[in-house]
Amino acid sequence: MQKNTGLIFAADLENGRRAINITNEISDLIDAVKVNYPIILSNGLQIVEELSRTKTVIADLKIADVPHINRKICRNVFEAGASAVICHGFTGKNSIEACIETANQMYGDVYVVAEMSHPDAERFIHHASKEIINIASQLGADGLIAPANDPKRLQKVRKQSKNMRILSPGVGVQGGGAKTAIQAGADQIIVGRSIYDHREPRQAAEKIVQDIGYTNP
Ligand code: NUP
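Residues numbered from 1 in each chain as written. Predicted model: local features only at pLDDT ≥ 70, side-chain atom pairs only at ≥ 80, totals over all residues. Heavy atoms only, no water.

Enquirer: Break down the nonpolar core for me, with residues and values.
Expert: Membership of the largest hydrophobic core comes to 73 residues, with the highest contact counts inside it found for Leu7, Phe9, Val112, Ile189 and Ile195. In this structure Ile195 touches Leu7, Phe9, Ile22, Ile26, Pro201, Ala204, Ala205 and Ile208, once residues within four positions along its chain are discounted. (Core = buried A, V, L, I, M, F, W, Y, C linked by side-chain atoms within 4.5 Å. Buried < 20%, exposed > 50% of the residue type's maximum accessible area, 1.4 Å probe, protein only. Contact = heavy atoms within 4.5 Å.)

So, in structure tokens, the structure goes:
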């Protein structure tokens, strides 16, 4: 995935038409559109194909199954037009490897969740993040997911992951700031509600792109 503005739009809308309209409206302001279960379960995998006509699509299915199932999930979303998937890392080497092998066969990328942004995330996943980062790095993952709303942890992930790409959710409604996250080590920022719930999604996206500071919208 190219890094241009540094903004990734999380299209977590059950209304597929609206997701497509907003993506079209802000397509020059975003590096990719990220889809998750809500939009896929409501619209089918076809929404991936439709969005991929406008923008690079990241399928954030947080894939976390046994290897042969992970392979099937990845194959399905890549065939539908996704350019990247997000998988969980706590499942360990073989499950992550299954995603990466499938992605390599299909010219796709894999981003591994190293840490999460919600309250109580520290209870489980944060203890494992160092090992997750090491495995992801050794296997040649394309990058990691780490929280924008916890700059200290983000800095730690940045340090441990050296030069791996970091995509960061948690900006806006979850309390994080785009500029702070970039300064803490994020490469690209994932934003959903602060864009699609805004009265003027384009205006909201422009403001975030300005905060990121890579380009001047
Ligand atoms: O730790 C994570 N936190 C998170 O919010 C990992 C994620 N992948 N996400 C995703 O980022 C979440 O699933 C949603 O699609 C998006 C954040 O949305 P919003 O809080 O900007 O609306």
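Anyway, onward from the coordinates.
Enquirer: Summarise the pattern of salt bridges; cite the residues concerned and give the values.
Expert: Applying the stated criterion across every chain, the model contains 13 salt bridges. Asp28 serves as the salt-bridge partner of Arg202, at 2.8 Å between the closest nitrogen and oxygen. On the criterion of sequence distance, the pair formed by Arg202 in helix H10 (residues 201–212) and Asp28 in the loop between helix H1 (16–25) and strand E2 (32–35) is long-range, its members being 174 residues apart. We note a salt bridge from Lys34 to Asp60, for which the minimum N-O separation is 2.5 Å. Of this pair, Lys34 sits in strand E2 while Asp60 is found in strand E3 (residues 57–63), placing the two residues 26 residues apart along the sequence. Take Lys34 and Asp60: they sit in the same class, and that class is buried. Sharing partners across several salt bridges, the network here consists of Lys3, Arg158 and Asp187. (Salt bridge = Lys/Arg side-chain N within 4 Å of Asp/Glu carboxyl O. Helix = DSSP H or I, 4+ residues; strand = E, 2+ residues; numbered from the N terminus.)

Enquirer: Quick one: what's the story with the site of the ligand, residue by residue and with numbers?
Expert: Taken together, the neighbourhood of the ligand is formed by 17 residues, with Asp12, Lys34, Ser117, Gly192 and Arg193 sitting nearest. Here Lys34 contributes a side-chain N or O atom positioned 2.7 Å from an oxygen atom of the ligand. Asp60 is positioned with one of its side-chain polar atoms (N or O) 2.8 Å from a nitrogen atom of the ligand. Here the ligand loses 91% of its free accessible area of 470 Å² to cover by the protein chains. At the level of secondary structure, the elements contributing two or more residues to the shell around the ligand comprise E3 and strand E8 (188–191). Partitioned by chemical class, the residues of the shell around the ligand number seven nonpolar, four polar and six charged. (Near = heavy atom within 4 Å. Polar contact = N/O pair within 3.5 Å; in protein donor to acceptor, adjacent residues only side chain to side chain. Areas by Shrake-Rupley, 256 points an atom, 1.4 Å probe, with all protein chains shown as cover. Nonpolar A, V, L, I, M, F, W, Y, C, P; charged D, E, K, R; others polar.)

Enquirer: Kindly report on unusual backbone geometry, identifying the contributing residues and their values.
Expert: Unlike most non-glycine residues, Lys62 shows phi in positive territory, near 40°. When you line up the elements, Lys62 lands in strand E3. Looking at Lys62, the relative accessible area reads 25%, which means it is partly exposed. You will see that Lys162, though not glycine, has its phi angle at about 55°, which is positive. Structurally, the position occupied by Lys162 is in the loop between helix H7 (151–161) and strand E7 (165–169). Owing to a relative accessible area of 64%, Lys162 belongs among the exposed residues under this scheme.

Enquirer: Tell me about helix H4 (residues 67–80), and please be specific about residues and values.
Expert: In this model, H4 (14 residues) spans 20 Å end to end at C-alpha, consistent with the 20 Å of a helix rising 1.5 Å per residue. Along H4, the residues classified as buried are Asn70, Cys74, Val77, Phe78 and Ala80. What you see down the axis of H4 is that its buried residues fit within an arc of 160°, all on one side. Where H4 ends, the next residue or the one after it, Gly81, has phi of about 120°, a positive value. (Expected span 1.5 Å × (residues − 1). Arc of directions from axis to C-beta.)

Enquirer: Mind laying out the environment of Ala148, listing which residues take part and the relevant values?
Expert: Along the polypeptide, Ala148 turns up in the loop between strand E6 (143–145) and H7. The class for Ala148 is buried, based on a relative accessible area of 1%. Considering only alpha carbons, one finds Ala148 and Thr180, 32 residues apart in sequence, at a separation of 7.8 Å.

Enquirer: Now, about the UniProt feature "active site" (unreviewed entry) in the protein: what can you tell me, with residues and values included?
Expert: When the UniProt feature table is mapped onto this chain numbering, "active site" (unreviewed entry) sits at Asp60, Lys62 and Asp65. A residue is classified by how much of its surface remains accessible, and Asp60, at 5% relative accessible area, is buried. A polar atom in the side chain of Asp60 sits 2.5 Å from the side chain of Lys34. What Lys62 contacts, discounting residues up to four positions off in sequence, is Asn36, Ile86, Cys87, His88, Val113 and Met116. (UniProt positions renumbered as here; feature names shortened; annotations may be inferred.)

Enquirer: Pulling in residues and values, what's your account of the sheet that holds E8?
Expert: One closed barrel holds the eight strands; their spatial order is E1-E2-E3-E4-E5-E6-E7-E8, and the pairing between them is parallel. Sheet twist, expressed as the average angle between the axes of neighbouring strands with direction ignored, equals 25°. Across three bridges, the pairing between E7 and E8 is parallel. Bridged to Pro169 within E8 is Ile190. (Pairing = 2+ DSSP bridges. Axes fitted to C-alpha atoms, helices over the stretch in contact; angles between N-to-C directions.)

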